[in-house]
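Here is how the chains run, residue by residue.
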Amino acid sequence: MKVTLWGTRGSLAAAGPDTVDYGGDTSAVEVLIDDETALVLDAGSGIRRLSNSLAPFKRIDVLLTHLHMDHIQGLGFFKPLMEAESEVHLWGPAAPRLSLEQRLSRYLSPPLFPVRLRDLANVYVHDLDPGRITIGAATIDADYVCHPGLTFGYRIEAAGRSLAYLPDHEPALGVDEFPSAPEWTSGFDLVAGADLLIHDAQYTDDEYERRRGWGHSTFRQAVDFATLAEVGAMVTFHHDPAHNDVMLDAVAEDIKRWNLPFDFVPGKTSTSFDL
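Since this is a predicted model, take the numbers as computed values, not measurements.

Asks: It is not clear to me how the overall build of the chain should be interpreted in this structure. Could you clarify?
Replies: For the chain, the helix and strand inventory stands at 6 helices and 14 strands. Here the chain has a C-alpha radius of gyration of 18 Å; the compact-globule value for 275 residues is 19 Å, and the two agree. Buried positions account for 54% of the 275 residues belonging to the chain. Of the contacts formed within the chain by residues at least 6 apart in sequence, a portion of 67% connects residues at least 24 apart. Here the chain displays about 11800 Å² of accessible surface, and carbon together with sulfur accounts for 50% of that area. Taking the 22 positively charged and 41 negatively charged side chains of the chain as two groups, their mean positions are separated by 5 Å.

Structure below.
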């Protein structure tokens, strides 16, 4: 399993000279399982650059965690959507009133976008309930996590290795003391024992006090969650648009001094992992 980060920013794209290392693009992660199984996690603005690496694949599956704009804003610029020889499958949380296709069509239609989703003949949209599915050589578990609206976290397993992806997650919400017992911790079952965890780390402790309930974690909460789940490695993700490279490098150096029980990697753009 090869994992590559193409968009690591949260909430709003923030390209500029001070965000080069951690990137300005919003959430998009490439997961290549074998020669026939290509997964994409979320469709933020980073999916445009990600498109260029998928030419060999005839089928591509995009797993959306939720439909906040920073996680779907790149979908209309995903090249395989416009290539007749490609087959694109879009997966995301089912909702009680509108299908995933109907909800995505609110964005992929005029006046917000010139091309209608319904006019793309090579696209297949799947409403996903919590549970397990199989795509090619990958087994994928989806479950709700603590974030405003219907939001999934994903666990992907293939060839004995595992990746957990929770880009928008606030496991400390409503808890007097975090971390608490595993059985009461949002996302724990998805993440427990994963070889690699990609996890929300949007706020400092001070920022979180003013943004409690917005659906995101602090750096410390992300580390505590990864420790509780006994992961092999953790990547910080969904960086706040106001956090530049200098600030995030300083935080990363601080985290490395915390005597962590897992490998820590700051989530920079184009970083890759071989699991």
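Further notes follow.
Asks: Is there a simple way to explain the sheet that holds strand 8 (residues 138–144) in this structure?
Replies: Strands in a sheet are paired, the pairing made by backbone hydrogen bonds, and the direction either parallel or antiparallel. Read from one edge of the open sheet, 7 strands run 7-8-9-10-11-12-13, paired in mixed fashion. Two strands lie at the open edges of the sheet, namely strand 7 (131–135) and strand 13 (263–266), each paired on one side alone. Across the sheet, the mean angle from the axis of one strand to that of its neighbour is 20°, orientation sign disregarded. Two elements, strand 9 (residues 152–158) and strand 10 (residues 161–166), share 5 bridges in a ladder whose sense is antiparallel. Directly across from Glu157, in strand 10, lies its bridge partner Ser162. Across the sheet, helix 5 (residues 219–229) touches strand 10, strand 11 (196–200) and strand 12 (233–237), and the angle it forms with strand 11 is around 150°.

Asks: What exactly am I supposed to notice about the sheet that holds strand 14 (residues 272–274) here?
Replies: One open sheet accounts for 7 strands, arranged 6-5-4-3-2-1-14; its pairing is mixed. For this open sheet the edge positions go to strand 6 (123–128) and strand 14, each flanked by a neighbour on one side alone. Sheet twist, expressed as the mean angle between neighbouring strand axes with direction ignored, is 20°. Bridge count for strand 2 (residues 28–32) against strand 3 (residues 38–41) is 4 bridges, and the pairing is antiparallel. Looking at the pairing, Leu32 lines up with Ala38 of strand 3.

Asks: Would you take a moment to explain the layout of surface pockets for this structure?
Replies: Summary: where empty space remains is shown by rolling a probe the size of a single water molecule over the atoms. Of the pockets and cavities examined, the largest pocket occupies roughly 270 Å³. What lines the largest pocket is a set of 16 residues, and nearest its centre among them are His66, Leu67, His68, Arg103 and Arg106. When grouped by side-chain class, the residues that make up the lining of the largest pocket number 10 nonpolar, 4 polar and 2 charged.

Asks: Help me understand the side chain of Thr65, please; the structure alone is not making it clear to me.
Replies: Examined against the element boundaries, Thr65 turns out to sit in the loop between strand 4 (59–63) and strand 5 (87–93). Owing to a relative accessible area of 1%, Thr65 belongs among the buried residues under this scheme. A polar atom in the side chain of Thr65 sits 2.8 Å from the side chain of His66.

Asks: For this particular structure, what's the right way to read the pairing of strand 9?
Replies: Within a regular strand, side chains alternate between the sheet's two faces. For strand 9, a buried count of 6 out of 7 residues is recorded, marking the element as mostly surrounded by other parts of the structure. Here strand 9 hands over to strand 10 after 2 residues, with Ala159 in that stretch at a positive phi of 50°.

Asks: Explain the environment of Ser45 to me, please; I cannot follow it from the model alone.
Replies: With respect to the helices and strands, the residue Ser45 is situated in the loop between strand 3 and helix 1 (47–50). Through-space distance from the C-alpha of Ser45 to that of Ile72 is 7.7 Å; in sequence the pair is 27 residues apart. Among residues more than four places away in sequence, those in contact with Ser45 are Ala13, Asp25, Thr26, Gln73 and Gly74.

Asks: Please clarify how the environment of Ser162 should be interpreted in this entry.
Replies: Structurally, Ser162 is set in strand 10. Considering only alpha carbons, one finds Ser162 and Leu275, 113 residues apart in sequence, at a separation of 7.8 Å. The residues contacting Ser162, other than those within four sequence positions of it, are Met1, Arg155, Ile156, Glu157, Gly193, Ala194, Asp195, Leu196 and Leu275.

Asks: Even after reading the chapter, I still don't get empty space enclosed by the protein, so can you show me in this structure?
Replies: Following the criterion strictly, the structure yields 1 cavity of 30 Å³ or more and no others. Its volume calculated, the largest cavity comes out at about 40 Å³. Lining the largest cavity are Tyr22, Phe219, Thr236, His239, Leu248, Val251, Ala252, Ile255, Phe264 and Pro266. For the lining of the largest cavity, the elements supplying multiple residues, two or more each, are helix 6 (245–255) and strand 13. Ranked by the residues each element gives to the lining of the largest cavity, the list is headed by helix 6, at 4 residues. Tallied by class, the residues present in the lining of the largest cavity amount to 8 nonpolar, 2 polar and no charged.

Asks: Help me understand the pattern of salt bridges, please; the structure alone is not making it clear to me.
Replies: A side chain of one charge can pair with a side chain of the opposite charge if their charged atoms are brought near each other. By the definition in use, this model includes 10 salt bridges. For Lys268, the salt bridge goes to Asp249, with nearest N and O atoms at 3.5 Å. With Lys268 in the loop between strand 13 and strand 14 and Asp249 in helix 6, this residue pair connects regions lying 19 residues apart in the sequence. According to the relative accessible area criterion, Asp249 is partly exposed, its value standing at 28%. Ionic pairing is found between Glu253 and Lys256, a salt bridge with its closest N-O pair at 3.4 Å.

Scoring rules and cut-offs
Residues numbered from 1 in each chain as written. Predicted model: local features only at pLDDT ≥ 70, side-chain atom pairs only at ≥ 80, totals over all residues. Heavy atoms only, no water. Helix = DSSP H or I, 4+ residues; strand = E, 2+ residues; numbered from the N terminus. Rg over C-alpha atoms; globule rule 2.2 N^0.38 Å. Buried < 20%, exposed > 50% of the residue type's maximum accessible area, 1.4 Å probe, protein only. Contact = heavy atoms within 4.5 Å. Areas by Shrake-Rupley, 256 points an atom, 1.4 Å probe, with all protein chains shown as cover. Lys, Arg positive; Asp, Glu negative; His and termini not counted. Charge placed at Lys NZ, Arg CZ, Asp CG, Glu CD. Pairing = 2+ DSSP bridges. Axes fitted to C-alpha atoms, helices over the stretch in contact; angles between N-to-C directions. 1 Å grid on protein atoms, 1.4 Å probe; cavity = no way out; pocket = protein on both sides within 12 Å on 5 of 7 lines; lining within 4 Å. Points joined across faces, edges and corners; volume = space filled by probe spheres on them. Nonpolar A, V, L, I, M, F, W, Y, C, P; charged D, E, K, R; others polar. Polar contact = N/O pair within 3.5 Å; in protein donor to acceptor, adjacent residues only side chain to side chain. Salt bridge = Lys/Arg side-chain N within 4 Å of Asp/Glu carboxyl O.

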